[in-house]
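The chain contents come next:
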Amino acid sequence: MSERAPLLRHGAILADGADAAVPAHYGELLREQRRLLGGRAVVDLGQLELLEVSGPDAMTWLTTVTSQVLTGREVGESTALAVLSPQGRVEHLASAAITGPDAALLITDPGHRAGLRRYLEMMRFAARVEITDRDDLRVLGGVRRADEIPALVELGLPEAAAVWTDPWPAVAPGGVAYGPDPEDPAGWVLTVLPAEALAALPWHRDVLAGMHAAEALRIADHRPRHATEVDERSIPHELDLLRTAVHTAKGCYRGQETVAKVLNLGQPPRRLVMLHLDGSQDVPAAAGGPVHLGGPEGKPVGTVTSAAVHVDLGPIALAVVRRAVPVDAPLSVGVTVGDEHGQQQLWLDASQEPIVLEREHGARPQTPRL
């Protein structure tokens, strides 16, 4: 994907990591978050990558090669899908907007489109489908459609090419929830618009929020993200992805055996959890920080995957921890601080808000003894 300039550079502090192409904030972190929560601002998500799949076989073919059912979908519907390895590990995730009777727009985290495209092309065989990079489009994120925000309409917002409304945290048809719903979820909507027309608009800070605000809302909603929560060992159960991205009753797909075995007979080895962090030390947690059970000297049990400061909840984070960690146990999160003179590790107290819980299977059938 070609490099893109932020929609507004004035006053923007760029993010890092996967989101380095777009602003982290514009100097008003909590005000931006309030505007975003109130449906008065959007986030520049120009780093997201788009892939269009179209053709007479597009819907049936995508149903065959991914974890989701796309046949029978109405134009304008939104869903999520995954591609799993033969062992059931998460390889690809995408948000799918149905843009026509035979077309879907797949939206991926930065750096993940190329791998998804390689997989789809490998699986195309004789299917009548076209796979097209859509760098002519750009994404705006928010709690409502961008073209429903009066201040953006006044800027001259062009007509949307697609709108994707995140089904999370509702359990989609064929889905299974691995834990409780988040309290008072904000929801998330992606509005896809022509990139050139968007870049030409007279943007100002009052209608924009940065990635820090978007990440705070995502963490509070318990929504996992490919760029942050998924690693080489992740299976969908650990991240509650069976809610929206994996259809457990569809026909055969790669990794289905692992999905069925863990769902019906076992438990995921790890679980996603939201952490409420002690903010008294005024030290932010960061992705990659260690999570310990039993205090700083206790046992390492996981890793922080995302962290933010929420305007209402304060410092929060997502972490992936071992299944054996009691869901009510207090945890400690390590934070590295320092300057050119040296570094030290501080520890923050953390309480858990469960996202993934052990699944009750009921009594297992008796098997004869030999």
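In the block above lies the structure referred to throughout.
**Student:** Which parts of the structure should I look at to understand the overall build of the protein?
**Tutor:** If you tally the helices and strands in the protein, you get 8 helices and 18 strands. Its C-alpha atoms give the protein a radius of gyration of 21 Å, near enough to 21 Å, the size a compact globule of 370 residues would have. For the C-alpha atoms alone, the extent of the protein along its principal axes is close to 70 × 60 × 35 Å. Looking at the 370 residues of the protein, the share that counts as buried comes to 54%. Contacts in the protein between residues far apart in sequence, at least 24 positions, make up 73% of those at least 6 positions apart. Side chains of the protein carry 34 positive and 48 negative charges; the gap between the two charge centres is 6 Å.

**Student:** Where do I start with the sheet that holds strand β8 (residues 130–133) in this structure?
**Tutor:** For sheets, the rule is that strands pair by backbone hydrogen bonds, running either parallel or antiparallel. Within the open sheet, the 5 strands sit side by side as β5-β6-β7-β4-β8. Their pairing is antiparallel. On the outer flanks of this sheet lie β5 (78–84) and β8, each paired with one strand and no other. On average, each strand axis in the sheet is inclined to that of its neighbour by 30 degrees, with strand direction left out of account. Examined bridge by bridge, β5 and strand β6 (residues 90–100) share 7 bridges and lie antiparallel to one another. Across the sheet, residue Leu84 finds its bridge partner in β6, namely Val90. Running at roughly 120 degrees to strand β4 (residues 49–54), helix α2 (residues 58–65) makes contact with β4, β5, β6, β7 (103–108) and β8 of the sheet.

**Student:** Looking at this structure, I do not really get the sheet that holds strand β11 (residues 189–194). What am I missing?
**Tutor:** Pairing in this open sheet of 5 strands is mixed, and the strands run β10-β11-β9-β3-β12 from one edge to the other. Two strands in the sheet have a free side with no partner beyond their single neighbour: β10 (162–165) and β12 (208–209).

**Student:** Is there a simple way to think about helix α3 (residues 113–122) in this case?
**Tutor:** Structural remark: α-helix, 3.6 residues per turn; residues separated by three or four positions point the same way. Three or more residues of α3 are buried, namely Arg113, Gly115, Leu116, Tyr119 and Leu120. For α3, the angular spread of buried residues about the axis comes to 165 degrees, placing them on one side. Structural note: α3 exposes Arg118 and Met122 on the side pointing more than 90 degrees away from its buried face. Tucked inside the fold, the buried residues of α3 contact β4, α2, β5, β6, β7 and β8.

**Student:** In this structure, what is going on with the pattern of salt bridges? I would like to understand it.
**Tutor:** Opposite charge on two side chains lets them pair, provided their charged atoms get close. In the structure shown here, the tally under the stated rule is 26 salt bridges. Several salt bridges share partner residues, and in doing so they unite Asp19, Asp109, Glu215, Arg218, Arg225 and Glu229 into one network.

**Student:** Sorry if this is basic, but what is going on with the packing of helix α1 (residues 29–37) against helix α6 (residues 211–220) here?
**Tutor:** Any two packed helices are characterised by the angle at which their axes cross and by the distance between the axes. Where α1 meets α6, the closest approach of the two axes is 9 Å, and the angle between their N-to-C directions is 60 degrees. In terms of orientation, α1 lies oblique with respect to α6. Crossing of α1 over α6 shows right-handed handedness. Counting all contacts with α1, which are made through Leu29, Glu32, Gln33, Leu36 and Leu37, the residues of α6 involved are His212, Ala213, Ala214, Ala216 and Leu217. In terms of residue class, the contact of α1 with α6 is built from 7 nonpolar, 2 polar and 1 charged.

**Student:** Whenever I open this one, a positive patch on the surface confuses me. Can you help?
**Tutor:** On the surface, Arg89, Arg233, Lys299 and Arg322 cluster together into a positively charged patch. Counting through the fold element by element, Arg233 comes out in the loop between α7 (226–229) and α8 (256–264). Residue Arg233 is classed as partly exposed on the basis of its relative accessible area, which comes to 47%.

**Student:** Explain the environment of Gln256 here, please?
**Tutor:** For Gln256, the position within the fold is in helix α8. Between the C-alpha atom of Gln256 and that of Gly11, which follows or precedes it by 245 residues, the distance is 48 Å.

**Student:** Where do I start with the environment of Gly141 in this structure?
**Tutor:** Here Gly141 shows up in strand β9 (residues 137–142). Taking the relative accessible area as the measure of exposure, Gly141 reaches 0% and is therefore buried. Those residues within four positions of Gly141 in sequence are excluded, and the remaining contacts are Leu36, Val42, Val43, Leu45, Trp188, Val189 and Leu190.

**Student:** What exactly am I supposed to notice about the environment of Gly46 here?
**Tutor:** Residue position: Gly46 is located in the loop between β3 (42–44) and β4. By relative accessible area, which is 4% here, Gly46 ends up buried. In the structure, Gly46 is positioned 40 residues away from Pro6 in sequence and 7.3 Å away in space, judged by C-alpha atoms.

The rules behind each value
- Residues numbered from 1 in each chain as written.
- Predicted model: local features only at pLDDT ≥ 70, side-chain atom pairs only at ≥ 80, totals over all residues.
- Heavy atoms only, no water.
- Helix = DSSP H or I, 4+ residues; strand = E, 2+ residues; numbered from the N terminus.
- Rg over C-alpha atoms; globule rule 2.2 N^0.38 Å.
- Buried < 20%, exposed > 50% of the residue type's maximum accessible area, 1.4 Å probe, protein only.
- Contact = heavy atoms within 4.5 Å.
- Lys, Arg positive; Asp, Glu negative; His and termini not counted.
- Charge placed at Lys NZ, Arg CZ, Asp CG, Glu CD.
- Pairing = 2+ DSSP bridges.
- Axes fitted to C-alpha atoms, helices over the stretch in contact; angles between N-to-C directions.
- Arc of directions from axis to C-beta.
- Salt bridge = Lys/Arg side-chain N within 4 Å of Asp/Glu carboxyl O.
- Parallel < 35°, antiparallel > 145°, perpendicular 65-115°, else oblique.
- Left-handed = near helix turned anticlockwise from the far one by under 90°.
- Nonpolar A, V, L, I, M, F, W, Y, C, P; charged D, E, K, R; others polar.
- Patch = residues over 30% accessible without salt bridge, like charges linked within 9 Å, V, L, I, M, F, W, Y side chains within 5 Å.
- Areas by Shrake-Rupley, 256 points an atom, 1.4 Å probe, with all protein chains shown as cover.

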